Structure formats: structure tokens, C-alpha cells
Amino acid sequence: MWFSLFEFPDGVEPLPGNRVVFDIGRGEAWFGAVGVPGGHALVWELSEYGAEGAVLAAEIELDRDLEWLLRCDRVDFPPGGIAHRHVHPGAGIRYLIYGTLAIDADGRTQTYGPGEAWFEGADYPVLATADETVDTAFVRVLLLPREWAGKRTIRYLDPADAEKPKLQRATVYLEQPIEL
């Protein structure tokens, strides 16, 4: 299967499928055949075929014996906010709305700016550090086993980090069970 992110600066037409549509200007998300007329929109799509024209696409393997859901949320960091080294139980594509975020993974650090996207696989350890001088926020769609519905998915690798203050805040826009 392909998990893809598409960007539409001037709006998007409604199309069917396992897709999440996010209106950047309104800060709203919907599942399925929803359009955004004339506004800056992002569309995450899970499909059997390739992802021509995608900002980012990842080929992923899903256990068809499990039930799945798509979760769209937004994570806001104050200046200097840190998400200590952690993992999530499902893959996801993130898109930075504003600010700057450094992602440390596999011993490499990649810094993302507004309009840039990145993929994190299930149980893929990352450390996220926001810019020291400005607020930072990204929106993402995670592909999760349904058992995670309504639950926080972040798991810190060092138990001591779980006890540290968390300055970042997540806002869940939607969770939608899907059929593969």
C-alpha cells in the first residue's frame, strides 16, 4: 500500500477513498470525499497504487488481519520545546505549518521549515526540537491499529523522559476507522 501526502495551494476537489483532507486556513480536517474550494489544502491518502504528484509518499506494509484507523492531529511547540526520543505505534506523514523543527533519527539531524514534510515509520525513534525563537506546529496523519483509538500514542524510550514536563500540545482533529 502507498501512504501519500498531496498539497493543493488553490483548493482540492472531493474524491472518494481512504483520505484525510485538511484545510490549513481554517484548521479543520475531514475524512473521505471532501473538497476545499479555493483554500490551501493537504490530502493524505492510503491507496493500492503509486502516488504521482505527491509531496511525499511511502510504501508501507499493513497486516490485513488487523483493523486500522487514520488519525489527524496537530502538534504545537512553544519556542525551544522538545519531544524527547520517542516512538509511535503507527506510521505517519507530518507537514510543518510554521516554525522550524529539528528531527534527530538514526544519528542524523534534519531540520524542517514551513511547507516541508517527513515520514516516520511505526516504532521509529525520533527526537524533535523546536526552534528557540518562534512557535512551531505540524499537522500529521497517523495510520494506527484501531486499538489505539482515543489513546495517546507517544512512548518515550527513556522512562525518565516520560516524567519531564511536556511543553508540546497535541490537538486531535479526527479518528476514522478504515477498511483496507
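Everything that follows concerns the structure shown earlier in this document.
Residues numbered from 1 in each chain as written. Predicted model: local features only at pLDDT ≥ 70, side-chain atom pairs only at ≥ 80, totals over all residues. Heavy atoms only, no water.

Visitor: Got a sec to walk through the sheet that holds strand 6 (residues 41-47)? Specific residues and values, please.
Guide: Pairing is antiparallel across the open sheet formed by 5 strands, whose spatial order is 4-3-6-1-7. Only two strands of the sheet have a single partner each, and these edge strands are strand 4 (28-31) and strand 7 (56-59). For this sheet, the mean inter-axis angle between neighbouring strands, taken without regard to orientation, is 15°. In terms of strand pairing, strand 3 (residues 18-23) meets strand 4 through 4 bridges, oriented antiparallel. Residue Phe22 lies in a different strand from strand 4, and its bridge partner there is Ala29. (Pairing = 2+ DSSP bridges. Helix = DSSP H or I, 4+ residues; strand = E, 2+ residues; numbered from the N terminus. Axes fitted to C-alpha atoms, helices over the stretch in contact; angles between N-to-C directions.)

Visitor: Tell me about the layout of surface pockets, and name the residues and values.
Guide: Each pocket or cavity is described by its volume, and for the largest pocket that value is around 410 Å³. Around the largest pocket sit 27 residues that line it, and Val75, Arg140, Arg152, Ile154 and Ala170 are the ones nearest its centre. Every element with two or more residues in the lining of the largest pocket is listed here: strand 8 (68-77), strand 9 (82-87), strand 11 (101-105), strand 13 (117-120), strand 14 (126-130), strand 15 (136-145) and strand 17 (169-178). Residue classes in the lining of the largest pocket are distributed as 12 nonpolar, 5 polar and 10 charged. Taken together, Ile103, Ala105, Arg108, Thr109, Gln110, Tyr112, Trp118, Phe119, Glu120, Tyr124 and Val126 form the lining of the second largest pocket. (1 Å grid on protein atoms, 1.4 Å probe; cavity = no way out; pocket = protein on both sides within 12 Å on 5 of 7 lines; lining within 4 Å. Points joined across faces, edges and corners; volume = space filled by probe spheres on them. Nonpolar A, V, L, I, M, F, W, Y, C, P; charged D, E, K, R; others polar.)

Visitor: Lay out the pattern of salt bridges with the relevant residues and their values.
Guide: Tallying each qualifying case throughout the model produces 11 salt bridges. When the shortest N-O distance is used, the salt bridge between Arg140 and Asp73 registers 2.7 Å. Note that Arg140 is positioned in strand 15 and Asp73 in strand 8, a separation of 67 residues in sequence. In this pair, the class of Arg140 matches that of Asp73, namely buried. A salt bridge links Glu179 to Arg146, with the nearest nitrogen and oxygen atoms 3.3 Å apart. Of the two residues, Glu179 is situated in the segment after strand 17 and Arg146 in the loop between strand 15 and strand 16 (155-156); the sequence distance between them amounts to 33 residues. Here Glu179 falls in the exposed class, since its relative accessible area comes to 62%. Looking at Arg146, the relative accessible area reads 23%, which means it is partly exposed. Counted as one network, the salt bridges with shared partners bring together Glu67, Arg146 and Glu179. (Salt bridge = Lys/Arg side-chain N within 4 Å of Asp/Glu carboxyl O. Buried < 20%, exposed > 50% of the residue type's maximum accessible area, 1.4 Å probe, protein only.)

Visitor: Give a description of the environment of Trp2 that names residues and reports values.
Guide: Structurally, the position occupied by Trp2 is in strand 1 (residues 2-8). With a relative accessible area of 25%, Trp2 lands in the partly exposed category. Trp2 sits 17 residues away from Arg19 along the chain, and the two C-alpha atoms are 12 Å apart. Aside from chain neighbours lying at most four places away, what touches Trp2 is Glu45, Leu46, Ser47, Glu48, Tyr49, Gly50, Ala57, Ala58 and Glu59. (Contact = heavy atoms within 4.5 Å.)

Visitor: Please provide a residue-by-residue account of unusual backbone geometry, values included.
Guide: One non-glycine residue with positive phi stands out, namely Asp106, at about 55°. Mapped onto the elements, Asp106 comes out in the loop between strand 11 and strand 12 (108-112). We classify Asp106 as exposed; its relative accessible area is 56%.

Visitor: Explain the side chain of Ser47 to me, and be specific about the residues and the numbers.
Guide: You can see Ser47 is positioned in strand 6. We classify Ser47 as buried; its relative accessible area is 6%. Apart from residues lying up to four places away in sequence, Ser47 is in contact with Met1 and Trp2.

Visitor: Can you explain the environment of Asp76? Please cite residues and give values.
Guide: Assignment of secondary structure puts Asp76 in strand 8. Separated by 11 residues in the primary sequence, Asp76 and Asp65 place their C-alpha atoms 34 Å from one another. Look past the residues within four positions of Asp76 in its chain and what remains in contact with it is Tyr98, Thr136, Ala137, Leu167, Gln168 and Arg169. Here Arg74 takes part through its side chain, which lies 2.9 Å from a polar atom of the side chain of Asp76. Within the local environment of Asp76, its side chain forms a polar contact with the side chain of Tyr98, the two groups lying 3.2 Å apart. (Polar contact = N/O pair within 3.5 Å; in protein donor to acceptor, adjacent residues only side chain to side chain.)

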